[in-house]
Amino acid sequence: MELSDTSAAITLISGLVILTGVIGVIVPILPGLLLTWSGVLLWALLGGGSGGARLLVAALATLIAGIGMVVKFVWPGKKLKDTGIPNSTVIVGGVLGLIGFFAVPFVGLVLGFILGVWLMELRRLGPERAWPSTRSAIGAVGLSLLVELASALLIAVLWLFGLAFA
């Protein structure tokens, strides 16, 4: 690749942004799905190859990202509602997770969320039922993570197909 080859440079940068986005889903520091979608959009708008194919890939990536974002919140939210976990519990878990994120690098977000949910459920349900309810909340958050990861990976695979056929 020559330095003057902008198409290859755009493709490389897009690939790095997409990879960073997929990693960002797993390591909740970066907006993973948004970065993955942005990398495809960058490639579609500025990259080389067939313009129609690039725009088709961008449109499909936008659709996948949109559906992924909606499902990421709706499906786990329904699960939480079905198990009877109130929104206040999830909010306290999120706030303690945010505090934990800054207090304990890498694992603080998860530990803070679990601690916050468990403390709220302990207050609400008592010691016998607090942990099973907390496990349900952890499962819902895990489901949200899996939906976002599946969406980001699907977008990345779509981009690879776009590279091959554009």
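In the block above lies the structure referred to throughout.
Residues numbered from 1 in each chain as written. Predicted model: local features only at pLDDT ≥ 70, side-chain atom pairs only at ≥ 80, totals over all residues. Heavy atoms only, no water.

*Asks:* Explain the overall build of the chain to me, and be specific about the residues and the numbers.
*Replies:* Secondary structure assignment for the chain yields six helices and zero strands. Its helices and strands in sequence order give the chain the pattern α-α-α-α-α-α, from N to C terminus. Seen through its principal axes, the chain has C-alpha atoms that stretch 65 × 30 × 20 Å. By the burial criterion, 33% of the 166 residues in the chain qualify as buried. Across the chain, the fraction of contacts at a sequence separation of at least 24, relative to all contacts at a separation of at least 6, is 60%. Approximately 9,600 Å² of the chain is accessible, and the part contributed by carbon and sulfur atoms is 77%. The average position of the 9 basic charges and that of the 6 acidic charges among the side chains of the chain differ by 14 Å. (Helix = DSSP H or I, 4+ residues; strand = E, 2+ residues; numbered from the N terminus. Buried < 20%, exposed > 50% of the residue type's maximum accessible area, 1.4 Å probe, protein only. Contact = heavy atoms within 4.5 Å. Areas by Shrake-Rupley, 256 points an atom, 1.4 Å probe, with all protein chains shown as cover. Lys, Arg positive; Asp, Glu negative; His and termini not counted. Charge placed at Lys NZ, Arg CZ, Asp CG, Glu CD.)

*Asks:* Which residues make up the environment of Val141, and what values go with them?
*Replies:* For Val141, the location among the structural elements is in helix 6 (residues 127-165). A residue is classified by how much of its surface remains accessible, and Val141, at 41% relative accessible area, is partly exposed. C-alpha separation for the pair Val141 and Lys79, spaced 62 residues apart in sequence, amounts to 9.8 Å.

*Asks:* Run through helix 1 (residues 6-26), naming residues and quoting values.
*Replies:* When the terminal C-alpha atoms of helix 1 are compared, their 30 Å separation across 21 residues agrees well with the 30 Å that a helix rising 1.5 Å per residue should span. All of the buried residues in helix 1 are Ile10, Ser14, Gly15, Ile18, Gly21, Val22, Gly24 and Val25. Tucked into the core, helix 1 has its buried residues touching helix 2 (32-46) and helix 6. (Expected span 1.5 Å × (residues − 1).)

*Asks:* I'd like to hear about the packing of aromatic side chains, residue by residue, with values.
*Replies:* A full pass over the atoms with the stated rule returns three aromatic pairs. Centroid distance Trp43 to Trp159: 6.5 Å. Interplanar angle 85°. Geometry classified as edge-to-face. Pair noted here: Trp43 is in helix 2 and Trp159 is in helix 6, with a separation of 116 residues, a long-range link. Each member of the pair, Trp43 together with Trp159, is buried. (Phe/Tyr/Trp six-rings, centres within 6.5 Å; stacked < 30°, edge-to-face > 60°.)

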